[in-house]
Amino acid sequence: MTTAYDKQKKLHFDLTNVGLRAQATAVGLVQLCHELKRANVLDEAAIDRIKDAIADEVSVTAPRSLAAKGYRGEIRTRLDRLFDGEQQVGSADAMALGHQPE
């Protein structure tokens, strides 16, 4: 039997193989979600499921030095801010966990 983690890991490798790990894709996804919500195609529960799927994917790649549960929680909080328009999608370096602005 395949676990949810195994399925998520397979999806991670499939996405990596087709090159969908780019900021342009992320920005497009956030904008698409905004547009679909505005058109009443997606409700808040659907947006939450999308953010959960993204958080699960990112947590699959969590460095071993980070607690997976805490790491996923931080990612989910950042996704909430991104989807709410409170945080801009910027450089990957600036959004890295533990990054200190200069």
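For the structure, check the block above.
Residues numbered from 1 in each chain as written. Predicted model: local features only at pLDDT ≥ 70, side-chain atom pairs only at ≥ 80, totals over all residues. Heavy atoms only, no water.

### Focus: the overall build of the protein
Now for step 1: Counting its secondary structure elements, the protein contains five helices and zero strands.
Now for step 2: N-terminal to C-terminal, the α/β element order of the protein is α-α-α-α-α.
Now for step 3: Taken across its 102 residues, the protein has 22% of its residues classed as buried.
Now for step 4: Considering only residue pairs separated by 6 or more positions, the protein has 51% of its internal contacts joining residues 24 or more positions apart.
Now for step 5: Only carbon and sulfur atoms are counted for the fraction: they give 56% of the accessible area of the protein, which is about 7300 Å². (Helix = DSSP H or I, 4+ residues; strand = E, 2+ residues; numbered from the N terminus. Buried < 20%, exposed > 50% of the residue type's maximum accessible area, 1.4 Å probe, protein only. Contact = heavy atoms within 4.5 Å. Areas by Shrake-Rupley, 256 points an atom, 1.4 Å probe, with all protein chains shown as cover.)

### Quick look at the pattern of salt bridges
Now for step 1: Under the counting rule described, the total for this entry stands at 10 salt bridges.
Now for step 2: Across the salt bridge formed by Asp52 and Arg72, the nearest N and O atoms sit 3.4 Å from each other. Taken as a pair, Asp52 in helix H3 (residues 44–60) and Arg72 in helix H4 (residues 68–83) lie far apart in primary sequence, 20 residues in all.
Now for step 3: The class of Asp52 is partly exposed, set by a relative accessible area of 29%.
Now for step 4: Residue Arg72 is classed as partly exposed on the basis of its relative accessible area, which comes to 23%. (Salt bridge = Lys/Arg side-chain N within 4 Å of Asp/Glu carboxyl O.)

### A few points about the nonpolar core
Now for step 1: One finds Val30, Cys33, Leu42, Ala46, Ile47, Ala55, Ala62, Tyr71, Ile75, Leu79, Leu82 and Phe83 forming the largest nonpolar core, which totals 12 residues.
Now for step 2: For this core, the secondary-structure elements that each account for two or more residues are helix H2 (23–38), H3 and H4.
Now for step 3: A per-element tally of this core places H4 first, with five residues.
Now for step 4: In this structure, Ile47 is in contact with Cys33, Lys37, Leu42 and Phe83, ignoring residues within four places of it in sequence. (Core = buried A, V, L, I, M, F, W, Y, C linked by side-chain atoms within 4.5 Å.)

### Some thoughts on H3
Now for step 1: For H3, with 17 residues, the first-to-last C-alpha span of 24 Å sits near the 24 Å given by 1.5 Å per residue.
Now for step 2: Ala46, Ile47, Lys51, Ala55, Glu57, Ser59 and Val60 are the residues of H3 that are buried. (Expected span 1.5 Å × (residues − 1).)

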